[in-house]
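# Geometric and topological summary
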Amino acid sequence: VGFAEREFGLDVAIEPLGDAGSSGLLVQFAAEIALAVLNGDEHVSRRRFTLAHELGHWLMGDPEPVILEGSVRSDSEMERRADVFAVELLLPEVGVRRVVEQAIDDVSAVVDGLTVFGVSREAFVNRLRNLGLVDARRAAAVKEESVRTLFVRAGRMSDYAHWSQDDGSRRVPARIERRLIDAYAQGRIGIGCCSKALNSNPADLAEQLAGLGR
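Residues numbered from 1 in each chain as written. Predicted model: local features only at pLDDT ≥ 70, side-chain atom pairs only at ≥ 80, totals over all residues. Heavy atoms only, no water.

Within the structure shown, the criterion is met by 5 aromatic pairs. Measuring from centroid to centroid gives 6.1 Å for Tyr-160 and Trp-163, while their planes differ by 40°, and the two rings are tilted. Placement of both Tyr-160 and Trp-163 in helix α9 (residues 157-163) is noted, with a separation of 3 residues, approximately one turn of the helix. Members of the aromatic cluster, each reached through a chain of ring pairs, are Phe-151, Tyr-160 and Trp-163. (Phe/Tyr/Trp six-rings, centres within 6.5 Å; stacked < 30°, edge-to-face > 60°. Helix = DSSP H or I, 4+ residues; strand = E, 2+ residues; numbered from the N terminus.)

Written out as structure tokens, the structure reads:
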């Protein structure tokens, strides 16, 4: 998230979108402003891929002002290109090959891949298949068990907790958060408005911002 915002000016918001059938969307304006909204109800590893996918749309200049994931045919050239970009960004071939070479078996390779790259089991195994590092039978075998079971078999439950950790289902883009806090400091909005936008307890937020507000 920080990488997308700092380096490429892509604002990133996380909102619980439920089972809407969409992992997120990208809103673009005048080739200068872009906002990616990720589905906070999805696992953090899937949100990571969705963000990389939306970043691909933004950097490659896909023209649609609003791209709602799931509303465009998944086999369209635009969507395929964004998926390829996301895979290359999150799962670079040299890194994936290094992880596999150092693993003692398929289960350890998958667990290592998830912890190193922060992606979903499906994304990592599909990458292994596309690189020819596992065949269909071996890929199916590691997909039959739950991810938690794979971490247990590898003796890596502490890593499972880290891989599945989540900071919550809502996030305001950093640029917007700074503007909200500046507005509060200038007395233009109250703590109630600020806390609602930032999904924070008003009393706790007021304590954190003590000295800023008028």
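Still more ground to cover, so stick around.
Running from N to C, helix α5 (residues 106-117) and helix α6 (residues 121-130) cross one another at 115°; their axes reach a closest spacing of 10 Å. α5 and α6 meet at a crossing whose hand is right-handed. Of the residues in α6, those touching α5 at Ala-109, Val-110, Gly-113, Leu-114 and Phe-117 are Arg-121, Phe-124 and Val-125. Taken together, the residues that form the contact of α5 with α6 break down as 6 nonpolar, 1 polar and 1 charged. (Axes fitted to C-alpha atoms, helices over the stretch in contact; angles between N-to-C directions. Left-handed = near helix turned anticlockwise from the far one by under 90°. Contact = heavy atoms within 4.5 Å. Nonpolar A, V, L, I, M, F, W, Y, C, P; charged D, E, K, R; others polar.)

Moving on to the sheet that holds strand β2 (residues 24-29). The strand order β1-β3-β2-β4 describes an open sheet built from 4 strands, whose pairing is mixed. With partners counted over all chains shown, the strands left at the sheet margins are β1 (10-15) and β4 (66-68), one partner each. In this sheet, adjacent strand axes meet at a mean angle of 15° when their direction is disregarded. Relative to strand β3 (residues 33-39), β2 runs antiparallel, the two sharing 6 bridges. Across the sheet, Leu-25 pairs through a bridge with Val-37, a residue of β3. (Pairing = 2+ DSSP bridges.)

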